[in-house]
Amino acid sequence: MNKKLSLLFVGLLMSSMLLIACGGNNNAEEGSESNSNDNNTGNNTEVNEDNMNDPEAAADAEFTIRAGIGLNNEHPQYKGLEKFKEIVEEQTDGAIHVETYHSGQLGDDRSMMEALQLGSQEVTVPSTAPIANFISEFSIFDFPFLFPNSDVADEVLDGEVGQKFLDMLDDQNLKGLAYWENGFRDLTNSDREVATVEDFEGLTIRTMENDLHLDAFRAMGANPTPMAFTELFTALQQGTVDGQENPFATIYLEGFYEVQDYVSDTHHIYSPFVFMMSKSFYDSLPDDYQEIVDSAALEAGEYQRELNREANDQYLEELIEEGMTFTEVTDEAREEMREVIEPVIEEYAAQLDQSLVDEVFQAIEDAE
Ligand code: TK8
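Analysis parameters
- Per chain, the residues get numbers from 1 upward, laid out in the order the sequence is written.
- Since the coordinates come from a predicted model, pLDDT governs what is reported: local features require at least 70, and pairs of side-chain atoms require 80 or more to be given and counted, while whole-chain, interface and lining totals use all residues.
- Where side-chain values are given, they derive from all heavy atoms of the structure, hydrogens and water being excluded.
- Segments assigned H or I by DSSP are reported as helices when at least four residues long, segments assigned E as strands when at least two residues long, and all are numbered from the N terminus.
- A simple rule labels every residue: compare its accessible area, found with a 1.4 Å probe on the protein chains alone, to the largest value its type can have, and call it buried under 20%, exposed over 50%, or partly exposed in between.
- Here, two residues are considered to be in contact whenever any of their heavy atoms come within 4.5 Å of each other.
- Residue burial considers only the protein chains on display, and all accessible areas are found by Shrake-Rupley using a 1.4 Å probe.
- The definition of a polar contact used here is a pair of N or O atoms within 3.5 Å, where within protein one atom must be able to donate a hydrogen and the other to accept one, and adjacent residues in sequence count solely through side-chain atom pairs.
- Any residue with a non-hydrogen atom lying within 4 Å of a molecule or strand is treated as near it.
- Here a cavity means grid points, on a 1 Å grid over the protein atoms only, where a 1.4 Å probe fits yet cannot get out; a pocket means an open set of points with protein on both sides within 12 Å along at least five of seven lines; lining residues are those with an atom within 4 Å of a point.
- A pocket or cavity is taken to hold a molecule when more than half of that molecule's atoms are within 2 Å of the pocket's grid points.
- Ten residue types, Ala, Val, Leu, Ile, Met, Phe, Trp, Tyr, Cys and Pro, are classed as nonpolar, four, Asp, Glu, Lys and Arg, as charged, and the remainder, Gly among them, as polar.
- An automatic or database domain assignment is the source of the domain bounds shown.
- Stacked, edge-to-face and tilted labels apply to pairs of Phe, Tyr and Trp rings (six-membered ring for Trp) whose centres lie within 6.5 Å, assigned for plane angles under 30 degrees, over 60, and everything in between, in that order.
- In our convention, an over-ring charge means Lys NZ or Arg CZ found within 6 Å of a ring centre and within 35 degrees of that ring's normal.
- A pairing counts as a salt bridge when a side-chain nitrogen of Lys or Arg comes within 4 Å of a carboxyl oxygen of Asp or Glu.
- Given the number of residues in a helix, its expected span is that number minus one, multiplied by 1.5 Å.
- Two axes enter the bend calculation: one fitted to the seven residues ending at the residue in question, the other to the seven starting there, and the bend is the angle between them.
- Lines are fitted to the C-alpha atoms to define the axes, a helix being fitted only along its stretch in contact, and any angle between axes, read from their N-to-C directions, falls within 0 to 180 degrees.
- In these notes the angle categories are as follows: under 35 degrees is roughly parallel, over 145 is roughly antiparallel, 65 to 115 is roughly perpendicular, and the rest is oblique.
- A crossing counts as left-handed when the near helix is turned anticlockwise from the far one by less than a right angle, and as right-handed when that turn is clockwise.
- Known as pLDDT, the predictor's confidence for each residue is given on a scale from 0 to 100.

Before we move on, could you go through the overall build of the protein chain and cite the residues and values that matter?
If you tally the helices and strands in the protein chain, you get 14 helices and 11 strands. Across the 368 residues that make up the protein chain, the buried fraction comes to 56%. Within the protein chain, counting contacts between residues at least 6 apart in sequence, those at least 24 apart form 77% of the total. Entry remark: accessible area of the protein chain is about 15600 Å², with carbon and sulfur atoms responsible for 46%.

Structure below.
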């Protein structure tokens, strides 16, 4: 698997060097246009009201950061991106200009990470699950029921253990700067109420592109399908899949209540986001600008986590008001789900360095 990824990475790297040789890059000669997104993997990146990206500001800047996410501009993830933009542009007096893109305008999590590796995009904030396709150790953050609550998650992710995982991104030409919050994942579907493991039987569930997620839902009797987030709403609308799982904020703000009838507070995985930057771009910044983007990613992350948590309970109320049937999952039912999934967790843990796995579980125990 890693050999294939390395070959893919070399191929992508060579094609990008060819592209850069033919076209501008982030910091060409004075007065050049802002970076061309032509070689980007994303869709239309023209300036529009939604993006509020200003081509004049880009032209005057020494550096331009193209920051793209998959969720829409109502989501706390985008509010965090705007906060990052505000801090960086203020502290560099506009020398660094940040363009913000949402709703998959530049691609999905995986293709945006590849764009960072190629240098055709500078920032993205994916969930940890797709990162595991680049660095298998990240699958540990998708062990179901790993984090008991968000306080423990913050302490572990923002501490030594979390930093160790961010440092692993360097070898992929990615620079991990901070953990933001996606949140506890909850199940929705269009077929039935789900309160226990038995209720998962035969449900086709879209999962993120992560083998552990697939195996965990198979263990519970569901029929999982991996899919990029950018394709999810259409798949739900067309009935290609019965359901999906995401935090309440995403379920509400992405309008999934329009195409889903049932929501259960399974809380089966706490999903972190990772704020990451193209490492070659990061290394091209002067030291003082590196310090500014470092601290801005952390400060914007604190802000984003707060927004995400403030509204999450409110979002469940909104979903019920929009007509979804809410099914409360008991702790006993969650325990049964965890027991059924345990062999999958053990199988994936066995593929990782045992000392690293122990370190993560010890850090969680210390934080509780
Ligand atoms: C958005 C994704 C999303 C994630 C998923 O780009 O794919 O379901 O939870 O938030 O990262």
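Report on helix α8 (residues 211–219), specifying residues and quantitative values.
Since one α-helical turn is 3.6 residues long, residues separated by three or four positions face the same way. Residues of α8 that are buried: L212, H213, L214, A216 and F217. On the buried face of α8, the contacting elements are α5 (128–131), β6 (204–207), β7 (223–226), β8 (243–246) and α13 (331–350). Sitting at the amino-terminal end of α8 is N210, which places a side-chain oxygen 2.8 Å from the backbone nitrogen of L212. Where α8 ends, the next residue or the one after it, G221, has phi of about 95 degrees, a positive value.

With reference to specific residues and values, describe the site of the ligand.
Lining the immediate environment of the ligand, one finds G70, L71, D109, S127, N182, R185, R206, M208, F229, N246 and F273. Here an oxygen atom of the ligand and a side-chain polar atom of N182 are 2.8 Å apart. In the model, an oxygen atom of the ligand is placed 2.7 Å from a nitrogen or oxygen of the R206 side chain. If you map the ligand onto the pockets, it falls in the largest cavity. Residues belonging to the shell around the ligand are distributed by class as follows: four nonpolar, four polar and three charged. Both domain 1 (24–182 + 272–306) and domain 2 (186–269 + 317–367) contribute no fewer than three residues apiece to the shell around the ligand.

Describe the side chain of T204, naming the residues involved and giving the relevant values.
The residue T204 is located in strand β6 in this model. Filtering out sequence-adjacent residues up to four positions away, T204 remains in contact with N223, T240, V241, D242 and G243.

Talk me through the environment of D331; I want residue IDs and the actual numbers.
Considering the arrangement of structural elements, one finds D331 in helix α13. Spatially, the C-alpha atom of D331 lies 9.3 Å from that of T266, the residues being 65 residues apart in sequence. A polar contact is formed between the side chain of D331 and the side chain of R334, at a distance of 2.9 Å.

Could you give an account of the packing of aromatic side chains, with specific residues and numbers?
Applying the stated rule across the entire model yields 17 aromatic pairs. Ring geometry for F141 and F147: centres 6.4 Å apart, planes at 15 degrees, overall stacked. As far as burial versus exposure is concerned, F141 and F147 are alike and both buried. Their ring planes at 50 degrees and their centres at 6.1 Å tell us that F229 and F256 sit as a pair that is tilted. Here F229 is found in the loop between β7 and α9 (232–238), whereas its partner F256 is found in the loop between α10 (248–253) and β9 (262–264), with 27 residues between them in sequence. As far as the burial class goes, F229 and F256 line up, both buried. The structure contains a cluster of three or more aromatic residues connected by ring pairs, namely F138, F141, F147, F165, Y179, F184 and Y270. Positioned above the aromatic ring of Y303, the side-chain terminus of K83 is 4.7 Å from the ring centre.

So what's going on with the pattern of salt bridges? Residues and values would help.
The tally for this structure, following the rule as stated, stands at 17 salt bridges. Notably, a salt bridge pairs R218 with D215, separated by 2.7 Å at the nearest N-O pair. Remark: D215 and R218 occur in helix α8; sequence separation between them is three residues, near one turn of the helix. Between R338 and E342 there is a salt bridge; the shortest N-O distance is 2.9 Å. One end of the pair, R338, and the other, E342, are both in helix α13, four residues apart, so they sit about a helical turn from each other. Among the charged side chains, a network of salt bridges with common partners joins D154, D158, E181, E302, R305 and R309.

Just give me the short version of helix α12 (residues 287–321), but keep the residues and values in it.
With 35 residues, α12 should cover 51 Å at 1.5 Å per step; its first-to-last C-alpha distance of 50 Å lies within 8% of that length. Where α12 bends most, at N312, the angle is about 40 degrees. Of the residues trailing α12, G323 is marked for its positive phi of about 105 degrees.

Kindly report on the packing of helix α3 (residues 76–91) against α12, identifying the contributing residues and their values.
Relative to each other, α3 and α12 sit at 150 degrees, their axes nearing to 8 Å. Regarding the angle of α3 to α12, the classification is roughly antiparallel. Helix-helix and strand crossings are classified by hand; for α3 and α12 the assignment is right-handed. Seen from α3, the contacting residues are P76, Q77, K79, G80, K83, F84, I87, V88 and Q91; seen from α12, they are I292, V293, S295, A296, A297, E299, A300, Y303, Q304, L307, N308 and Y315. Considered class by class, the residues forming the contact of α3 with α12 number 12 nonpolar, six polar and three charged.

An account of the confidence of the model for the protein chain is needed here, citing residue identities and associated values.
When pLDDT is averaged along the protein chain, the result is 89, and 86% of the positions lie at 70 or above. Every residue in residues 18–25 is under pLDDT 50, and counting partners more than four places away or in other chains gives three contacts. Within the model, pLDDT remains below 50 along residues 27–50, and this stretch shows 45 contacts once partners closer than five positions in the same chain are excluded.

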